[in-house]
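The chain contents come next:
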Amino acid sequence: MWNKNRITELLGIEYPILQGPFGGGLSTVELTTAVSNLGGLGGFGAYTLSPQEIYDIHKEILTKTDKPYNLNLWIKDHDIIDEQHTKDQYQKAIEIFKPYFDLLDTDIPSPPLSFESRFQNQLSVIFDIKPKVFSFMFGLMDENIIEDLHQQGTAILGTATTLDEAVALEKTGVDVIVASGFESGGHRPSFLDQAELSTTGTFALIQLIKDKVKIPVVAAGGIVNGRGIAGVFQLGAEAVQIGTAFLATEESGALPIHKEFLFSDAARSTALTRAYTGRLGRGITTKISRDVLAATDKTLPFPLQTHFMGALRKAALEQQKNDLVFFWAGQIAPLLKHKKASTLMQSLIEEASELLNK
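Residues numbered from 1 in each chain as written. Predicted model: local features only at pLDDT ≥ 70, side-chain atom pairs only at ≥ 80, totals over all residues. Heavy atoms only, no water.

Participant: Help me understand the nonpolar core, please; the structure alone is not making it clear to me.
Facilitator: Buried together is how nonpolar side chains tend to be arranged in soluble globular proteins. Ile17, Phe97, Ile229 and Phe246 are the most contacted members of the largest nonpolar core, which totals 61 residues. Sorting elements by how many residues they give to this core places helix H14 (residues 341-356) first, with 7 residues. Ignoring anything within four residues of it in the chain, the contact list for Ile17 reads Trp2, Gly40, Leu41, Ile229, Val240, Ile242, Phe246, Met345, Leu348 and Ile349. Val29, Ile57, Met141 and Val174 belong to the second largest nonpolar core, which has 33 residues in total. (Core = buried A, V, L, I, M, F, W, Y, C linked by side-chain atoms within 4.5 Å. Buried < 20%, exposed > 50% of the residue type's maximum accessible area, 1.4 Å probe, protein only. Helix = DSSP H or I, 4+ residues; strand = E, 2+ residues; numbered from the N terminus. Contact = heavy atoms within 4.5 Å.)

Shown next, in the form of structure tokens:
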């Protein structure tokens, strides 16, 4: 049976289908619990949340499911070097983006107060709430911390965009590797090299990792239906992590206009750019992303670019100038069909079962 393997046993789930743990308000309790209750592994991206907010979300999730879910954090949660360097970068960003602020007749935001990493404080909550599944991105965790998490009964997933990252993750003791192909929507969670140099496709990445790594591999990127599941399973994956298809459902936290774009012809074209947040990520190619794709030297470090673009995004949405808004999406978006998490899960399970249980 395709749905009985090392990952389903380790994570305590019925089907090896993981919902991508979206950050930035895109995750919801409703989506996370819906996927878990349907036999998959719901995911909640918590990297922007305070420790108290993580605790509160966890308690709310427990009121709606007794199934495992995946709580996700980012190890490296900012790219800021120093104060003077950041000031210089801010001026460069103003030069490139001022015409768009002028077009929307909105003010360029002032630089925010200094940013400090939240990860260590967030990690303390993981030891308090003891989730059944914890995943992380953008880095490696200390082996002793991983062992402590294992001792409390938490299964750990690390995310890799290259073979070298997968090998490094296995050495630290993680249980599962999520192989994130460059087809994926959202951020490229690379950590050993520049994200622009870590753009291996899902099918190649799975095979490279399976050849060198013994722990189970989850395929992420370019998967939206049972055919995609069957394809990556043939290459050695033991589970899939699906992002864009779940992002498009009613239960996700994406704005209605975002979901509308995902189901439109606009989703046929996506691009990798740092203009969204300061980190390389894939989204729908709107006018602004086309204009600034070549201006990566003038974008701010993450998350200052997110702050900088926030005012522009807000004004563009209010004025319905959607071509000046960034919308996360993977390359597979044109194949989206389902608008409810339940019908999506049912379709994934039925199609994969038909193809893999022959």
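Participant: Can you help me understand the packing of aromatic side chains in this one?
Facilitator: Given two aromatic rings, their pairing is described by the distance between the two centres and the angle made by the two planes. In the structure shown here, the tally under the stated rule is 14 aromatic pairs. Both rings, one in Tyr47 and one in Trp74, keep their centres 3.6 Å apart while their planes meet at 5 degrees; by these two values the pair is stacked. Here Tyr47, found in the loop between strand S2 (42-45) and helix H3 (51-62), pairs with Trp74, found in strand S3 (residues 69-74); they are 27 residues apart in sequence, far enough to count as distant. With respect to class, Tyr47 is no different from Trp74; both count as buried. Measuring from ring centre to ring centre gives 5.7 Å for Phe97 and Phe308, while their planes differ by 65 degrees; the resulting arrangement is edge-to-face. Of this pair, Phe97 sits in helix H4 (residues 83-103) while Phe308 sits in helix H13 (residues 304-318), placing them 211 residues apart in sequence. (Phe/Tyr/Trp six-rings, centres within 6.5 Å; stacked < 30°, edge-to-face > 60°.)

Participant: Would you explain the side chain of Glu238 in this entry?
Facilitator: Mapped onto the fold, Glu238 is located in the loop between helix H9 (226-234) and strand S9 (239-242). At a separation of 2.5 Å, a polar atom in the side chain of Glu238 contacts the side chain of Arg6. Residue contacts for Glu238: discarding those within four places in its chain leaves Asn5, Arg6, Ile7, Pro16, Lys210, Pro216, Val217 and Phe233. (Polar contact = N/O pair within 3.5 Å; in protein donor to acceptor, adjacent residues only side chain to side chain.)

Participant: How should the packing of helix H2 (residues 29-37) against H3 be read in this particular structure?
Facilitator: Relative orientation and spacing of two packed helices are given, respectively, by the angle between their axes and the distance between those axes. Viewed as axis vectors pointing N to C, H2 and H3 meet at an angle of 45 degrees, and their least axial separation amounts to 10 Å. When the axes of H2 and H3 are compared, the pair comes out oblique. Here the hand of the crossing between H2 and H3 comes out right-handed. Across the interface between the two elements, Val29, Thr32 and Thr33 from H2 touch Ile57, Glu60 and Ile61 from H3. Split into classes, the residues belonging to the contact of H2 with H3 amount to 3 nonpolar, 2 polar and 1 charged. (Axes fitted to C-alpha atoms, helices over the stretch in contact; angles between N-to-C directions. Parallel < 35°, antiparallel > 145°, perpendicular 65-115°, else oblique. Left-handed = near helix turned anticlockwise from the far one by under 90°. Nonpolar A, V, L, I, M, F, W, Y, C, P; charged D, E, K, R; others polar.)

Participant: I'm lost on the environment of Phe263 in this one. Help?
Facilitator: With respect to the helices and strands, the residue Phe263 is situated in the loop between helix H11 (256-262) and strand S10 (270-273). Phe263 gets classed as partly exposed once you look at its relative accessible area, which sits at 29%.

Participant: Help me out: how do you make sense of unusual backbone geometry in this one?
Facilitator: What you tend to see is this: most non-glycine residues have negative phi, and most peptide bonds are trans. The peptide bond linking Phe302 to Pro303 adopts the cis configuration, its omega dihedral lying at 0 degrees. Mapping Pro303 onto the fold places it in the loop between helix H12 (287-292) and H13. Non-glycine residue Asp105 carries a positive phi angle of around 55 degrees. Considering the arrangement of structural elements, one finds Asp105 in the loop between H4 and helix H5 (119-129). We note that Lys130 has phi near 50 degrees; this positive angle belongs to a residue other than glycine. In this fold, Lys130 is placed in the loop between H5 and strand S4 (133-137). Note on Lys130: relative accessible area 46%, which makes it partly exposed.

Participant: Quick question: what am I supposed to make of the sheet that holds S9 here?
Facilitator: Backbone-to-backbone hydrogen bonds pair the strands of a sheet. The strands run either parallel or antiparallel. An order of S1-S9-S8-S6-S5-S4-S3-S2 is seen for the 8 strands of this open sheet, with the pairing classed as parallel. Strands at the two margins of the open sheet, each flanked by one partner only, are strand S1 (17-19) and S2. Averaged over all pairs of adjacent strands, the angle between their axes in this sheet comes to 25 degrees, without regard to strand direction. Of the strand pairs in this sheet, strand S8 (residues 217-220) and S9 are connected by 3 bridges, and their pairing is parallel. Across the sheet, residue Ala219 finds its bridge partner in S9, namely Val240. Sitting on the sheet, helix H7 (residues 163-172) is in contact with S4, strand S5 (155-160) and strand S6 (176-180), with an inclination near 160 degrees to S5. Packing against the sheet, H9 makes contact with S1, S8 and S9, and its axis sits at approximately 135 degrees to S9. (Pairing = 2+ DSSP bridges.)

Participant: Just checking my understanding: could you explain the pairing of S3 for this structure?
Facilitator: Regular strands show a simple pattern: their side chains alternate between the two faces of the sheet. Most of S3 sits inside the fold, with 6 of its 6 residues counted as buried. With burial as the criterion, each face of S3 is covered, one bearing Tyr69, Leu71 and Leu73 and the other bearing Asn70, Asn72 and Trp74. Across 4 bridges, S2 lies against S3 in parallel orientation. Each bridged residue has a counterpart across the sheet, and for Gly43 the counterpart in S3 is Asn70.

Participant: Just checking my understanding: could you explain the sheet that holds S10 for this structure?
Facilitator: Taken together, 3 strands build an open sheet; the order of strands is S7-S11-S10 and the sheet is antiparallel. For this open sheet the edge positions go to strand S7 (186-187) and S10, each flanked by a neighbour on one side alone. Judged from the 2 bridges that link them, S7 and strand S11 (residues 281-284) form a sheet pairing that is antiparallel. Its bridge partner being in S11, His187 is matched across the sheet by Gly281.

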